[in-house]
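Secondary and tertiary structure notes
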Amino acid sequence: MSAHGHAPTITLEEATLPKDSILRKAPLLLAIVGIIGLALAYVTGGGDDGHHKQFYYSYVTSLMYWLSIALGGLFFVLCHHGSRAGWSTVVRRIAENFMITLPLFALLAVPLIIGMHDLFHWSHADAVANDKILQAKTWWLNSGGFIIRVIVVGVVWTIMSVTFYRWSTRQDEEGGDELSHKMRWAAPLGFLFFALSATVAAIDWMMSLDPHWYSTIFGVYYFASCVMMIMVAISLASMFLQRLGLLEKAITAEHYHDLGKLAFGFVVFWAYIGFSQYFLIWYANIPEETMWYAHRSTGGWEWVSLALAVFHFIVPFLFLMSRHIKRKKFTYAIGCLILAFAHYIDVFWIIQPTMEHFGHSHFSFHVADILAFVGIGGLFLAVFVWRTASKALVPIKDPRLAESLAHENF
Amino acid sequence: MAEKKIYGMLAEFDSTRAIYHACEEVRDEGYKHWDACTPFPVHGLDKAMGLPPSKIPWIVLGMAILGGIAGFTLQWWTTVIDYPILIAGKPMFSWPAFMPVTFELTVLFGAFGAVFGMFGVNRLPTFNHPLFNSERFQAVTDDKFFIAIEARDPLYDKRKTKKLFKKLGATHIELVEE
């Protein structure tokens, strides 16, 4: 709070998308683009043998990319309530609108069940019959268990996101601090379910693509990307809304600075976790563990690995270090776009080398990768924009909104 | 005995609002050797005082780079040059193995830079300060806000400075001895 001037306020009108805004028509358009994108990806990603292996790999790559923002949104909201944060109140609704795409991802996970045989080597009974390692893992890696976990994870995400979203939007009408207390009470419980469900999703949908390999830190690795991506997504969405003339005074350089600090922190955390994972495997030098990295250091993948180190750590680390970069919208937007791009390299690098599982994997980028990215991205943004247009852009009656509007860093 | 040297002029204010505006005015008058003292951090006061950005980040950056280089070269020199031992059949220059220590020393030196750099910039430890000669200054840890303009400031003038403080709404003005 600065000692001069009046306490800033925001009215419901200022925090609502105008009736004639072009964004109100966008959800339908985005959804159509999304469905067409996925349909084209399915067509182009089909093989001569009638299988759609390429499609499913492109699909799961894009799914994990966009899912990280949705899961990050849930984590952001839980953190906000759990730590009784003040500064982030003004951007919390944006995080909630990302979070409320989780029910969509519960549906988008269903194709993983349909394409199970194209994706998961462990789902082939004949392969497991001749494989001691896979036999030892059947207690977890079996088709029935996988289907149940997809459903459970989807239900958990839907319940959590809808519950927190409803409480928050109900406070828009009722006001008062009762709902704030309720959300604060529920947040620690939410963390527990968030950690378990996100880890299960990361292990089942990404790590088990290479069923011989395992990393005990894998869930944390994906989590690091989720938190980094929600900071990037909130920042870019805020900048977009401000370009439309909304929330111009509400979201300031102070908020961008803090979001940027967290994005920077979690890109470093990602590097720390990523290197720890590599380091232990490199040190121990056990064949079934090192194979995972061997696949990623041959056949053109070594360049992807290098690009990952450069764009997911070295460049953003040096670029986003300065406070001036994070406080200027233009330079900070560049930083965000670098991270958004780097995250795609990351999921691509994890998922795609496993496609030619027992052949020699060569790096290739398929048109279905782009189409699936646009497809899931279209559906994801359709839900996001739809929710953005239906409710206030900030939690208008949150008791801590005034504190957030006046937020200042030292 | 010779007359004691004057350290500067101390003005007392009652509120954050008053000291904020007073700082802006003193800054705009062009004073260089002066400081504001408050019982708690007042957001935006550094801007009102016209303080330049902190030097600490640069000290931390320099120290962190130094720590990283020190940690890496220490390990490289000991394990590759001075006393090479083959470990686990890995190459002598196994840089991934050097990373944990390099990282830790980067953080350690960076932290040293932050703490001791802060001490240096704040001229700590300072065991006494002329402002403590003022009885009223004790209220700075309670509910009063102070601005002190030092006598060595080229713009300092007993009459003019006092007039400025009066104009800014100081509730008490006094001269503080060295």
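Residues numbered from 1 in each chain as written. Chains lettered and ligands numbered in written order. Predicted model: local features only at pLDDT ≥ 70, side-chain atom pairs only at ≥ 80, totals over all residues. Heavy atoms only, no water.

1. What about the overall build of chain A?
A tally of helices and strands in chain A yields 18 helices and zero strands. With the C-alpha coordinates of chain A rotated into their principal frame, the extents come out at 75 × 40 × 40 Å. Looking at chain A as a whole, 57% of its 410 residues qualify as buried. For chain A, long-range pairs separated by at least 24 residues make up 82% of all intrachain contacts whose partners lie at least 6 apart in sequence. Roughly 17,700 Å² of accessible area belongs to chain A as shown, and the carbon and sulfur atoms make up 69% of that amount. (Helix = DSSP H or I, 4+ residues; strand = E, 2+ residues; numbered from the N terminus. Buried < 20%, exposed > 50% of the residue type's maximum accessible area, 1.4 Å probe, protein only. Contact = heavy atoms within 4.5 Å. Areas by Shrake-Rupley, 256 points an atom, 1.4 Å probe, with all protein chains shown as cover.)

2. Here we look at helix α2 (residues 53-82) of chain A
Residues and elements named next belong to chain A. Here α2 is 30 residues long and its end C-alpha atoms lie 42 Å apart, about the 44 Å a rise of 1.5 Å per residue gives. Taken as a whole, α2 carries its principal kink of about 25° at L67. For α2, a buried count of 27 out of 30 residues is recorded, marking the element as mostly surrounded by other parts of the structure. R84 lies just past α2 and shows a positive phi near 50°. (Expected span 1.5 Å × (residues − 1). Bend = angle between axes of the 7 residues up to and from the residue.)

3. Points about a nonpolar patch on the surface
Residues and elements named next belong to chain B. Together, W76, W77, I81, L86, M92, F93 and W95 make up an exposed nonpolar region whose accessible area comes to about 720 Å². With three residues, the single largest contributor to the nonpolar patch is helix α3 (residues 56-82). Examined against the element boundaries, L86 turns out to sit in the loop between α3 and α4 (95-121). (Patch = residues over 30% accessible without salt bridge, like charges linked within 9 Å, V, L, I, M, F, W, Y side chains within 5 Å. Salt bridge = Lys/Arg side-chain N within 4 Å of Asp/Glu carboxyl O.)

4. What about a positive patch on the surface?
All names here are of chain B. A cluster of basic residues, R159, K160, K163 and K167, forms a positive patch at the surface. As for its position among the elements, K160 is in helix α5 (residues 158-167). You can call K160 exposed: its relative accessible area is 56%. (Lys, Arg positive; Asp, Glu negative; His and termini not counted. Charge placed at Lys NZ, Arg CZ, Asp CG, Glu CD.)

5. Re the confidence of the model for chain B
Taken over all residues, the pLDDT of chain B has a mean of 93, while the share at 70 or more is 99%. With a pTM of 0.91, the predicted complex shows an ipTM of 0.82. (pLDDT = per-residue confidence, 0-100.)

6. Quick notes on the pattern of salt bridges
Charged atoms that come close allow side chains of opposite charge to pair. Summed over the entire model, instances satisfying the criterion amount to 12 salt bridges over all chains. R327 of chain A is the salt-bridge partner of E254 of chain A, the closest N and O atoms lying 2.7 Å from each other. Here the residue E254 of chain A occupies a position in helix α12 (residues 253-284), and R327 of chain A occupies one in helix α15 (residues 323-327), the gap between them amounting to 73 residues. For R136 of chain B, the salt bridge identified is with E12 of chain B, shortest N-O distance 2.8 Å. Placement of the pair is R136 of chain B in the loop between α4 and β3 (145-150) and E12 of chain B in strand β1 (residues 6-13), with a sequence separation of 124 residues. Residue R136 of chain B is classed as partly exposed on the basis of its relative accessible area of 38%. The buried category is assigned to E12 of chain B, whose relative accessible area is 4%.

7. Observations regarding the domain arrangement of chain B
When the domains of chain B are assigned, the result is domain 1 (6-53 + 130-177) and domain 2 (56-121). Averaged C-alpha coordinates put domain 1 of chain B and domain 2 of chain B at centres separated by 44 Å. (Domains from an automatic or database assignment.)

8. A look at the interface of chain A and chain B
Facing the 16 residues of chain A at the interface are 17 residues of chain B. Regarding the contact of chain A and chain B, the summed buried area is about 1,500 Å², with carbon and sulfur atoms giving 70% of it. Inspection of the region where chain A meets chain B yields zero salt bridges. Our enumeration of links across chain A and chain B arrives at two residue pairs in polar contact (both at pLDDT 80 or more). Taken together, the residues of the side of chain A that touches chain B break down into 10 nonpolar, five polar and one charged. (Buried area = accessible area lost by both parts, 1.4 Å probe. Polar contact = N/O pair within 3.5 Å; in protein donor to acceptor, adjacent residues only side chain to side chain. Nonpolar A, V, L, I, M, F, W, Y, C, P; charged D, E, K, R; others polar.)

9. Some thoughts on the pairing of β1 of chain B
All names here are of chain B. The element β1 is largely enclosed, with a buried count of seven among its eight residues. Relative to strand β4 (residues 172-177), β1 runs antiparallel, the two sharing six bridges. Residue pairing in the sheet places I6 in a bridge with E177 of β4. In the sheet, β1 pairs with β3 via six bridges, with the strands oriented antiparallel. (Pairing = 2+ DSSP bridges.)

10. Some points on unusual backbone geometry
A cis amide bond, omega -5°, links L124 of chain B with the succeeding residue P125 of chain B. Its location among the elements puts P125 of chain B in the loop between α4 and β3. We note that R84 of chain A has phi near 50°; this positive angle belongs to a residue other than glycine. Residue position: R84 of chain A is located in the loop between α2 and α3 (89-99). The phi torsion at N285 of chain A lies on the positive side, around 60°, for a residue other than glycine. Locating N285 of chain A in the fold gives a position in the loop between α12 and α13 (287-295). Take N285 of chain A: its relative accessible area is 47%, and that puts it in the partly exposed class.

11. Points about the sheet that holds β3 of chain B
All names here are of chain B. Strand order in this open sheet of four strands is β2-β3-β1-β4, and the pairing throughout is antiparallel. Looking at which strands have only one partner, the edges of the open sheet turn out to be β2 (34-37) and β4. Each strand of the sheet is rotated relative to its neighbour by a mean of 20°, with strand direction disregarded. Sitting on the sheet, helix α1 (residues 16-29) touches β1, β2 and β3, and the angle it makes with β3 is about 20°. Lying over the sheet, α5 contacts β1, β3 and β4, oriented at roughly 15° with respect to β1. (Axes fitted to C-alpha atoms, helices over the stretch in contact; angles between N-to-C directions.)

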